[in-house]
Amino acid sequence: MESLLLQATIYLAAAVIAVPVANRLGLGSVLGYLIAGVVIGPLLGFVGAETKDLQHYAEFGVVMMLFLIGLELEPRALWAMRTRLIGLGGLQIILTAGAVMGFCMAVGIPTSIALAVGLVLALSSTAIVMQTLSEKGLTTSEGGRSAFSVLLSQDIAVIPMLALIPLLALPELVVESGPSGPVIGETGHVEMSSGADDHGSDADHGSMNLLEGLPGWIVTLILLGSVVVIVLGGHYLTRPMFRFIAQAKLQEIFTAAALLMIIGIALLMTVVGLSPALGTFLAGVVLANSEYRHELEANLEPFKGLLLGLFFITVGAGINFGLLFSDIFVILGLTLGLMAMKFAILYVLGILFRIRGQARWLFALSLAQAGEFGFVLLSFTTQNGVIPADLAELLLLIVALSMLFTPGLFIFFERVISRRITVEMPEEDEITETGTVIVAGLGRFGQIVNRMLLSQGHKTVVLDYHNDLVAGLRKFGVEGFFGDPSRPELLIAAGIREASVLVVSLDDRQKAVDMVQYVAREHPHVKIVARAYDRIHTYQLYAAGAREIVRETFDSSVRAGKYALEALGHHPFAVEKAARVYVKQDRAHLADLARLWDPEQSPTENEAYVARARQINDELNAAMKGMRTEFHDRTERGWTPPPKGGKPQDDGE
Amino acid sequence: MPDARRILVLYAHPAHDRSEVNRPLARATRRMQDITFVDLYSEYPTLEFDIDVEQDRLRAHDVIIFMFPMYWYSTPAILKEWQDLVLEYGFAYGTGGTALSGKTFLAALTTGGPETAYNAEGYNHFTIRELLAPLEQTASLCRMRFIAPFLLHSARRAAEEGRVGTHVAEWRQVLAALQSDRLDLEAAAKVSHLNADIDGLLKEEL
């Protein structure tokens, strides 16, 4: 128990210190974790061999990440991106893997190992790149979108790679690694050898795999069967299950259910000898259209983040400094050579796919590193006896170093490229790339807003915490998601970071205010349109940071007023003019009062507020008593004919 | 060098998204230094003008330009509404109405019909200068100096025929000349349209 607490303290402390520091230096969190690992491992020696065991738990973060990636992949969105995914992404993987493979074979590495190395190094770092792009606000730029499509194809390609790698196994490595146990490397570290890993997980896998010894056709049937179970179960069972749980209105039980689902799938996959990552990815895709998608994302995100963080720490801790310094120039040379080659391939693809100017540079520079899936594949390849341990260790260093250099590439892009190359700036008057709109609250109000947005072809993400409402509207083709939109995690899962506009149409007044406050503070790039219940609520929303505030019954009341005036025989255009002036004045008054209103003070004690309110009242009273001074002038202004007997020409001076 | 003349462009296009000539013109105008560009349909989508703001804008500029595609031999509706509301008695004309006195006024417009249509023998029967008589007289009553319009005919075919680029370049030239007061206004009032011969309308460099 004590040692567990000690371990946890060391890891958490390292992460808590290193990650914010790395972020502040603009290096990003992945590097922060890696550096934390380096510090507590090889540098200070706080942790040692046990990191390898820990890494197996941490790899579960990758399984979760694939589930979450699957959740993002609506079949429709995938289809829309098909050219870039297959063309750009596919070519990048094939060309890079081929080039690396060619280099390896040229230096005398056997074909199967060379292929595995090529696959490992072809991948880039989704975690670093996506995070950096979103931190710098480049996700929706042309270069950013192209980079994302390549990363997505790589993420998907990981799954066939995981299936392919065991086929490349070298008999001598498998045999050698079988019974040998941990191998102590030259430097005294326990190497991440196939032996050590077999000892840990594969032995378990062996005993877990229930299909051993069964005839081939039964195995095939069971494998297919379990995939079918995931797809059908994901489609038909999850909804009633989540609906039942959501009705309990217990947040932690929903989280527990989400975890149960992921771990259950991973278990099923392990039992039948398939990749857990593949299973959860499938489940993610199946659930991508479900109304629980964002709620699931919000609940699993922290687990994924922490586990991946732990994974990166263990990678950092496992870096073999002895090896690095023994051959520092060779390793640095290989790393820089790899990055130069990846950059060159990406740059050429950028030309082929007509990515222009600055965007092409961003695209090619951002993806020039190797990535975290490289780590996963490396540990997987060594486990399977595909890549020998000493080579794997060298590759691990190259991958880690290339990731370490990535922030430098982004800095290079910002300081040099984006200054030197100025491309056609998007026109101020043209809508180029519009982000999504998040509509929070799908009642009478939100539905109309949503329909208008959809009618103009905008992508909306609709959230509501009334489970029955969301389920009911889905039957009419309204694609809503279940979840409490006032929870920051859910907003983040729904994509508030990339959203352009947030429509707050919740009927819960306090939640609406909290939500506006949070978004105005944390995501100031999002324009907020808020629905207010009444005047006080308007003031509260204004104080919370909303500027486009719509009183929910104001416009309909004005229309009713117009009909009443017309019914009294007023000329419809005179009514229209009167209504316009009324609306303009009322809104100006409300804005005045909203600026004076103080949430800490009751309006009756707020002197400035009371004074302005009285002044407004006097004006309105005067108007009502027929002394329509200012009001009258304004309705007539501009259409007033010149005074009778007035001269059209000013005789002047 | 004397102070640059301040230019106000009031742009009115009810179908901006589908524009092929006015849109690049508007873009070029927006990019020029020290020119106030107002997209009226964008600022007042329901035609509810802020009259005070509009009048202040007029006071703050020396050259007033209407930029629009011709609709039924006149401006789009918003520019007519703008005139009805903003050019008030006592501001633009009538007793005390001298706010616009001495400013320069010009229209930059595009037409669908070809140049040959706009004369007594053509199917439109009137020249553009004749059709713009209401604007010319409005300018006159407001004591502004009306100069010949900047004009592009057959605008619906201009993009296909590659005429947009030259037109935009000429427009920049006109704006720059107005800004630096190098345009001979007296001569510019007499021609049929400014872009018939811009160089001929430039004053000699001193």
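This text gives an overview of the structure that appears in the document. Keep in mind it's a predicted model, so treat the numbers as computed, not measured.

### A word on the environment of leucine 31 of chain A
Residues and elements named next belong to chain A.
Here's step 1: Tracing the backbone through its elements, the reader meets leucine 31 in helix 2 (residues 29–43).
Here's step 2: Note: C-alpha distance between leucine 31 and methionine 403 (372 residues apart in sequence) is 7.3 Å.
Here's step 3: Those residues within four positions of leucine 31 in sequence are excluded, and the remaining contacts are Met403, Leu404 and Pro407.

### Remarks on the sheet that holds strand 4 (residues 501–504) of chain A
Residue and element names in this part refer to chain A.
Here's step 1: Judged by pairing direction, the sheet is parallel, and its six strands sit side by side in the order 3-2-1-4-5-6 without closing on themselves. The sheet is open, and its two edges are formed by strand 3 (480–482) and strand 6 (548–551), each paired on a single side. Here the strands of the sheet are splayed against their neighbours by 20 degrees on average, with no regard to which way each runs.
Here's step 2: Sheet topology note: the strand 1 (residues 437–440)/strand 4 ladder contains four bridges and is parallel. Looking at the pairing, valine 437 lines up with valine 501 of strand 4.

### So, helix 17 (residues 328–352) of chain A
Residues and elements named next belong to chain A.
Here's step 1: Its 25 residues give helix 17 an end-to-end C-alpha distance of 36 Å, which sits within 8% of 36 Å, the value for a rise of 1.5 Å per residue.
Here's step 2: Three or more residues of helix 17 are buried, namely Ile331, Thr335, Leu338, Met339, Lys342, Ile345, Leu346, Leu349 and Gly350.
Here's step 3: Phi turns positive one or two residues past the end of helix 17, at arginine 354, with a value near 55 degrees.

### Let's talk about the pattern of salt bridges
It is possible for side chains bearing opposite charge to pair when their charged atoms get close.
Residue and element names in this part refer to chain A.
Here's step 1: Taken as a whole and assessed by the stated rule, the structure comprises 24 salt bridges over all chains.
Here's step 2: Residue arginine 551 pairs with aspartate 586 through a salt bridge whose shortest N-O separation is 2.7 Å. Taken together, the residues span a long stretch of sequence, with arginine 551 in strand 6 and aspartate 586 in helix 27 (residues 572–596) at a distance of 35 residues.
Here's step 3: One salt bridge connects lysine 562 with glutamate 576, and the closest N-O pair in it is separated by 3.0 Å.

Each value, and the rule that gives it
- Residues numbered from 1 in each chain as written.
- Chains lettered and ligands numbered in written order.
- Predicted model: local features only at pLDDT ≥ 70, side-chain atom pairs only at ≥ 80, totals over all residues.
- Heavy atoms only, no water.
- Helix = DSSP H or I, 4+ residues; strand = E, 2+ residues; numbered from the N terminus.
- Contact = heavy atoms within 4.5 Å.
- Pairing = 2+ DSSP bridges.
- Axes fitted to C-alpha atoms, helices over the stretch in contact; angles between N-to-C directions.
- Expected span 1.5 Å × (residues − 1).
- Buried < 20%, exposed > 50% of the residue type's maximum accessible area, 1.4 Å probe, protein only.
- Salt bridge = Lys/Arg side-chain N within 4 Å of Asp/Glu carboxyl O.

Such coordinate-based values are descriptive only and should not be taken to indicate function.
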